Amino acid sequence: MSDSRTPRIPGAPLTPGEGTRQDAAVLTAVAKRFATAKGEKLTAVDGLDLSLRRGEVVAFLGPNGAGKSTTVDMLLGLTSPDSGTVEVFGQEPRRAVRDGRVGAVLQSGGLLPDLTVGATLRMLGSLHPGADPERTMARAGVTELRDRKVGACSGGEQQRIRFAIALLSAPQLLLLDEPTAGMDVTARRAFWNAVGEETRRGVTVLFATHYMEEADRYADRVVMIDRGRIIADGSASSLRAAISGRTVSARLSPADARRTTASPLVRRATVRGDRHHLETGDSDALLRMLVNETSATAIEVAPRSLEETFVALTHRADAATGKTPR
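In this report, we go over the structure that sits alongside the text. (Residues numbered from 1 in each chain as written. Predicted model: local features only at pLDDT ≥ 70, side-chain atom pairs only at ≥ 80, totals over all residues. Heavy atoms only, no water.)

Remarks on the environment of Thr209
With respect to the helices, strands and loops of the structure, Thr209 is situated in strand E7 (residues 204-209). Look at Thr209 and you get buried, because its relative accessible area is 0%. Measuring from C-alpha to C-alpha, the distance between Thr209 and Asn64 comes to 9.0 Å, with 145 residues separating the pair along the chain. Beyond its immediate stretch of four places on either side in the chain, Thr209 contacts Phe60, Leu61, Gly62, Lys68, Glu178 and Glu214. A polar contact is formed between the side chain of Thr209 and the backbone nitrogen of Tyr211, at a distance of 2.8 Å. (Helix = DSSP H or I, 4+ residues; strand = E, 2+ residues; numbered from the N terminus. Buried < 20%, exposed > 50% of the residue type's maximum accessible area, 1.4 Å probe, protein only. Contact = heavy atoms within 4.5 Å. Polar contact = N/O pair within 3.5 Å; in protein donor to acceptor, adjacent residues only side chain to side chain.)

What follows is the structure in structure tokens.
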């Protein structure tokens with residue numbers, strides 16, 4: 001699920017009507033603020049412009065507090081922007097949700113613990129003409145939980161139940177807010193396989209996450225957000241390519257580590273376990289230095305990870321706006 005689309009570093013805002021019939025959702029110059037306990041205004045979303053093309057899988061990537069969940073809430077009509085506009089299939093979000101065109105998997109709420117999974121799906125399925133609870137449970141991978149009470153299900157299993165509920169109306173847009181929270185590795189893989197089946201049916205997916213590997217592996221497009229602003233928008237590979245350099249890692253003695261990290265070839269150095277990870281704009285020159293001038297072992301060279309790309313883009317955005325880096 002990837003392409004070579006050139007990343008968009010946000011500039012001019014979208015204008016009303018700029019979205020086309022190919023857009024599942026369009027947010028234009030959207031801002032949302034909340035009052036803190038001290039009566040101050042906290043900006044959760046700050047002039048955000050975003051369009052979701054039909055049939056694509058978009059990862060909404062950022063740290064906790066970046067504005068991801070607030071944006072998802074506005075797309076669902078659970079809250080309204082203080083300024084700007086939000087349209088879903090050319091409609092007000094609440095209308096699109098009422099029409100069954102939007103399904104959502106949120107992090108909490110929406111489940112009655114004393115009902116069985118099967119009873120929950122049958123009850124909620126009755127609200128959607130033509131819904132097939134049994135087929136929906138199979139599509140979401142929760143058939144084996146049919147006779148278990150919701151309250152007896154693990155956190156990861158409850159997320160899968162929420163996914164089944166989201167599919168009942170046969171939505172055209174799925175909004176997933178940290179959907180794999182609480183899932184183990186096997187459950188996460190099964191969940192993304194199920195999401196893949198929906199995308200092959202033409203469903204548009206936006207998933208908010210802070211799991212970089214999920215964005216890298218499953219998204220056609222990655223939208224990076226920090227402090228309520230989009231800092232980059234494109235395929236994972238194109239975003240990595242926009243930030244030059246590679247990471248060289250090696251095992252180094254303390255003396256070699258001090259000498260190497262002091263070199264102008266090294267932009268940034270981190271230590272993970274027994275390995276030094278060195279970001280550089282000239283991996284060939286750094287390799288020659290490590291081989292010829294140090295006793296480094298287990299040397300590896302890799303392109304920047306999506307996490308490193310996010311950090312670099314965040315620092316670039318902070319420098320451009322004069323904000324203090326995180």
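Let's pick the thread back up.
Quick look at the pattern of salt bridges
A complete count under the given rule lists 18 salt bridges for this structure. Its salt-bridge partner being Glu56, residue Arg53 comes within 3.7 Å of it at the nearest N-O pair. For Glu56, a relative accessible area of 6% gives the class buried. Between Arg188 and Glu213 there is a salt bridge; the shortest N-O distance is 2.9 Å. Of the two residues, Arg188 is situated in helix H6 (residues 185-200) and Glu213 in helix H7 (residues 212-218); the sequence distance between them amounts to 25 residues. In this structure, a network of salt bridges that share partners links the residues Arg53, Glu56, Arg221 and Asp233. (Salt bridge = Lys/Arg side-chain N within 4 Å of Asp/Glu carboxyl O.)

Looking at the sheet that holds strand E1 (residues 23-35)
In spatial order, the strands read E2-E1-E4; together these three strands make up an open sheet with antiparallel pairing. What marks the edges here is a single partner per strand, and that holds for strand E2 (41-53) and strand E4 (83-88). Here the strands of the sheet are splayed against their neighbours by 20° on average, with no regard to which way each runs. Bridge count between E1 and E4: five bridges; the pairing is antiparallel. Each bridged residue has a counterpart across the sheet, and for Ala25 the counterpart in E4 is Val88. (Pairing = 2+ DSSP bridges. Axes fitted to C-alpha atoms, helices over the stretch in contact; angles between N-to-C directions.)

Describing the packing of aromatic side chains
Tallied over the entire structure, the rule returns four aromatic pairs. Judged by centre distance (5.3 Å) and plane angle (80°), the rings of Phe191 and Trp192 are edge-to-face. In terms of burial, Phe191 and Trp192 fall into one category: buried. These aromatic residues form a ring-pair network of at least three members: Phe163, Phe191, Trp192, Phe207 and Tyr218. The lysine or arginine in question, Arg101, covers the ring of Phe89, its NZ or CZ lying 4.2 Å from the ring centre. Stacked on the ring of Tyr211, the Lys or Arg Arg188 has its end atom at 4.4 Å from the ring centre. (Phe/Tyr/Trp six-rings, centres within 6.5 Å; stacked < 30°, edge-to-face > 60°. Lys NZ or Arg CZ within 6 Å of the ring centre and 35° of its normal.)

Focus on the side chain of Lys32
Structurally, Lys32 is set in strand E1. You can call Lys32 buried: its relative accessible area is 10%. Lys32 has contacts with Leu42, Thr43, Ala44, Val45, Thr70, Met74, Thr79, Ser80, Pro81 and Asp82, leaving out every residue within four places of it along the chain.

Some words on helix H3 (residues 117-125)
Turning to H3, its buried residues number three or more, namely Val117, Gly118, Thr120, Leu121, Leu124 and Gly125. Looking straight down H3, one finds that the buried residues subtend no more than 160° of arc, so they occupy a single side. Contact partners of the buried residues in H3: helix H4 (133-140) and helix H5 (155-167). (Arc of directions from axis to C-beta.)

Digging into the packing of H3 against H5
Where H3 meets H5, the axes come as close as 10 Å, and the angle between the chain directions of the two elements is 25°. Between H3 and H5, the angle is such that the two are roughly parallel. Judged by the sense of rotation from one axis to the other, the crossing of H3 with H5 is right-handed. Contacts from Val117, Thr120, Leu121 and Leu124 of H3 reach H5 at Ile161, Ala164 and Ile165. (Parallel < 35°, antiparallel > 145°, perpendicular 65-115°, else oblique. Left-handed = near helix turned anticlockwise from the far one by under 90°.)

Things to note about the sheet that holds strand E6 (residues 173-177)
Spatially, the six strands line up as an open sheet ordered E5-E6-E7-E3-E8-E9, and their pairing is mixed. Only two strands of the sheet have a single neighbouring strand rather than two, namely strand E5 (102-105) and strand E9 (229-234). Neighbouring strand axes in the sheet, compared pairwise and without regard to direction, differ in orientation by 15° on average. As judged from the five bridges shared by E6 and E7, these two strands associate in the parallel manner. Directly across from Asp177, in E7, lies its bridge partner Ala208.

Observations regarding the pairing of strand E12 (residues 275-280)
Counting buried residues in E12 gives six out of six residues, a clear majority hidden from the surface. In E12, alternate side chains face the same way, and those of Arg275, His277 and Glu279 on one face and His276, Leu278 and Thr280 on the other are all buried. Looking at chain direction, strand E10 (residues 246-251) and E12 are connected through five bridges and run antiparallel. Following the sheet pairing, Val248 is matched in E12 by Leu278. Two elements, strand E11 (residues 266-272) and E12, share six bridges in a ladder whose sense is antiparallel.

Purely geometric numbers; function is a separate question.
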